[in-house]
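Structure assessment
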Protein chains: 2
Amino acid sequence: MKTNVSTLLEIKYPVIQGGMAWVAEYHLASAVSNAGGLGIIGSANAPATWVKDQIQKMKQLTKQPFGVNVMLLSPHVEEVAHVLAEEKVAVVTTGAGNPEPYMKLWKDAGIKVIPVVASVAMAKRMERLQADALIVEGTEAGGHIGESTTMTLVPQIVDAVHIPVIAAGGIGDGRGMAAAFMLGAQGIQMGTGFVVTKESLVHENYKKAILKAKDIDSKVTGRSTGHPVRSIRNQMTNEYLKKEKEGATFEELEYLTLGGLKKAVVDGDVINGSVMAGQIAGLLKEERSCKELIHSIVGEAEELMKGNKIYG
Amino acid sequence: MKTNVSTLLEIKYPVIQGGMAWVAEYHLASAVSNAGGLGIIGSANAPATWVKDQIQKMKQLTKQPFGVNVMLLSPHVEEVAHVLAEEKVAVVTTGAGNPEPYMKLWKDAGIKVIPVVASVAMAKRMERLQADALIVEGTEAGGHIGESTTMTLVPQIVDAVHIPVIAAGGIGDGRGMAAAFMLGAQGIQMGTGFVVTKESLVHENYKKAILKAKDIDSKVTGRSTGHPVRSIRNQMTNEYLKKEKEGATFEELEYLTLGGLKKAVVDGDVINGSVMAGQIAGLLKEERSCKELIHSIVGEAEELMKGNKIYG
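Heads up: these notes are all about the structure in this document. Everything numeric in this text was worked out from a predicted model, so none of it was measured. (Residues numbered from 1 in each chain as written. Chains lettered and ligands numbered in written order. Predicted model: local features only at pLDDT ≥ 70, side-chain atom pairs only at ≥ 80, totals over all residues. Heavy atoms only, no water.)

A count of helices and strands for chain A gives 14 helices and eleven strands. The C-alpha atoms of chain A give 18 Å as radius of gyration, which agrees with the globular expectation for 312 residues (20 Å, within 12%). Across its three principal axes, chain A shows a C-alpha extent of roughly 50 × 45 × 40 Å. Every one of the 312 residues in chain A was classed for burial, and the buried ones make up 62%. Sequence-distant contacts, at least 24 apart, represent 62% of the contacts inside chain A between residues at least 6 apart. As presented, chain A carries roughly 12100 Å² of accessible surface, and 52% of it is formed by carbon and sulfur atoms. Of the charged side chains in chain A, 33 are positive and 34 negative; the average position of the first set lies 3 Å away from that of the second. (Helix = DSSP H or I, 4+ residues; strand = E, 2+ residues; numbered from the N terminus. Rg over C-alpha atoms; globule rule 2.2 N^0.38 Å. Buried < 20%, exposed > 50% of the residue type's maximum accessible area, 1.4 Å probe, protein only. Contact = heavy atoms within 4.5 Å. Areas by Shrake-Rupley, 256 points an atom, 1.4 Å probe, with all protein chains shown as cover. Lys, Arg positive; Asp, Glu negative; His and termini not counted. Charge placed at Lys NZ, Arg CZ, Asp CG, Glu CD.)

To continue, consider the environment of B:Val220. Residues and elements named next belong to chain B. Following the sequence through the fold, Val220 ends up in strand E10 (residues 218-221). A sequence separation of 35 residues divides Val220 from Ala185, and the C-alpha atoms of the two residues are 26 Å apart. Once you skip the residues sitting within four places of it in the chain, Val220 turns out to touch Ile145, Pro228, Val229, Arg230 and Leu241.

Let us look at the side chain of A:Asn234. Tracing the sequence through the fold places A:Asn234 in the loop between strand E11 (229-232) and helix H11 (235-245). Beyond its immediate sequence surroundings of up to four residues, A:Asn234 is in contact with A:Val270, A:Ile271, A:Asn272, A:Gly273 and A:Val275.

Sheets are built from strands that pair by backbone hydrogen bonding, the pairs being arranged parallel or antiparallel. Residues and elements named next belong to chain B. Spatial ordering of the open sheet is given by E7-E11-E10, a layout of three strands whose pairing is antiparallel. Either end of the sheet is taken by a strand with one partner, and the two such strands are strand E7 (143-144) and E10. Across two bridges, the pairing between E7 and strand E11 (residues 229-232) is antiparallel. Paired with His144 across the bridge in E11 is Val229. Across the sheet, helix H11 (residues 235-245) is in contact with E10 and E11; its angle to E10 comes to roughly 40°. (Pairing = 2+ DSSP bridges. Axes fitted to C-alpha atoms, helices over the stretch in contact; angles between N-to-C directions.)

A few words on the environment of B:Val23. Residue placement: B:Val23 occurs in the loop between strand E1 (15-17) and helix H2 (26-34). With near-sequence residues (within four places) excluded, B:Val23 lies in contact with B:Leu28, B:Val195, B:Val202 and B:Val265.

Further remarks concern helix H10 (residues 204-211) of chain B. Along H10(B), the positions that sit buried rather than exposed are B:Tyr206, B:Lys207, B:Ala209, B:Ile210 and B:Leu211. Close packing links the buried residues of H10(B) with helix H9 (192-195), E11 and helix H13 (260-265) of chain B.

So, about the packing of aromatic side chains. Residues and elements named next belong to chain A. The full count for this structure, using the stated rule, is two aromatic pairs over all chains. Ring geometry for Tyr102 and Trp106: centres 5.6 Å apart, planes at 35°, overall tilted. Placement of the pair is Tyr102 and Trp106 together in helix H5 (residues 100-108), with a separation of four residues, close to one helical turn. The exposure classification of Tyr102 matches that of Trp106, with both residues buried. (Phe/Tyr/Trp six-rings, centres within 6.5 Å; stacked < 30°, edge-to-face > 60°.)

Next up on the list: the environment of B:Glu286. All names here are of chain B. The topology assignment puts Glu286 in the loop between H13 and helix H14 (290-304). For Glu286, a relative accessible area of 48% corresponds to the partly exposed category. Here the alpha-carbon distance between Glu286 and Lys208, two residues 78 residues apart in the chain, equals 9.4 Å.

Honestly, it's all geometry; don't read function into it.
Put into structure tokens, the structure is as follows:
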């Protein structure tokens, strides 16, 4: 499946794995890259030494291109940015901020820069900064989210920019991929789908919580604080939403989720932890290898789009 | 474009106009039906005499099938339900409740019943009640909404039921229609798109507010009350969201939107009124006739899906 995205990134299938904090490490990312997609290491708030170590382990496990997600609010962002340039990773995806201060550094190192955006204005701004492509993420995604849905945001951004668009949020099978392509995307990013693969090292409880989730089992906390986050509903989200409705302070609310993602991913505490996942969790029913997942999605999408050339 | 939905409803194109309160009256609905879609009269809280009058005017303006949307919380629902059976309208769509008490009445009159649903559980329940098809509406829609997006909800409901699914929420052009079909829908319902047609009698200010809206210009009020509503942001939504954050009572909040839709649609007060519209407002740039809109959407969708037979 050749598109402008697969050509740009020199990968077999235009399927990118989300750079999820605590989840996106080298075992998962190398499996994705070896299966023909683009594996991503999520650097989140990690120090540069951790990122460098992950990159070097990736290089031992795959000869295929891979990327690193940079969380621009990280206290280590400056150092991490330089490590990525030194290591000349193929791709950087960015979230939670403006990558402008690092664009020249990365582009000079030959890195393809792909910001995650959730509005037309941000998309246009990133294009002006010489971004190579955009990940357009709808509110149905897991973790930190915007307000617009994939269905409405993708075509509006496709119309507004000239660089390739990768759709994210709500995609869990070939139907979702084909739909994203109809909307004008030329690639997809999946998060929740990759969390429940065999190569994903998250705690078994975390995978089970996603695999047994129904369509309406995700909740958005933090809308009142301006930092909405989507997770599978549990005791934490119930308590958070109750306190939020009562007008609790930002600090009180923050306390409820402090270390919550690690609690869920690493310790398997899916009662009090933050079980971040997208609305598409309700569609995911089985644990598969990254290769099985990618092949199944791409095969189904190709079958649905058979005969048309829009992805050619 | 022949699908199970167009065959079931005996219409040329599987495009249904949303039964929007104050907007969906016989001028608009007859234009939609005459253009090959399914026009719908929105009965909302109107008395049965108004509904009967609208139906009779429709019958003078079109020989094509049309429908009526029943708002099940209406104080006049009982009487309205009987008028629909007497008048033998082709289709009833239902919202805001459970149509069970009227199913036998309508089915005995030969009416096709199509509930609007926003979850898998409700979809299955409506199938058990002998619904003929379902309108699956994502949170990107305008007016009263659920939480799941079109992208995630449509495939989950398609997998859960055996009756045809009509996708609603976030569809404004042929790309959206083609995407909905890839997700497994066999028809679409559009609301906001039809509000801004030439035949729509809403106030010019209301149309302008939609046509000039950007991607992020819709806001959801009432999430804290359990009755979320999407509108174009204005002084009313700003004030509502501020009060909501401060923990205002249900009554205080209700007061802000009392008669708000009529204020916007009829009086053109788009500052204090409820300018209900979906997120796709950002994509809509021009006023067209219903015929132009339907032909453009269907033509574009067919072009995108050329060669595949999934809608055949």
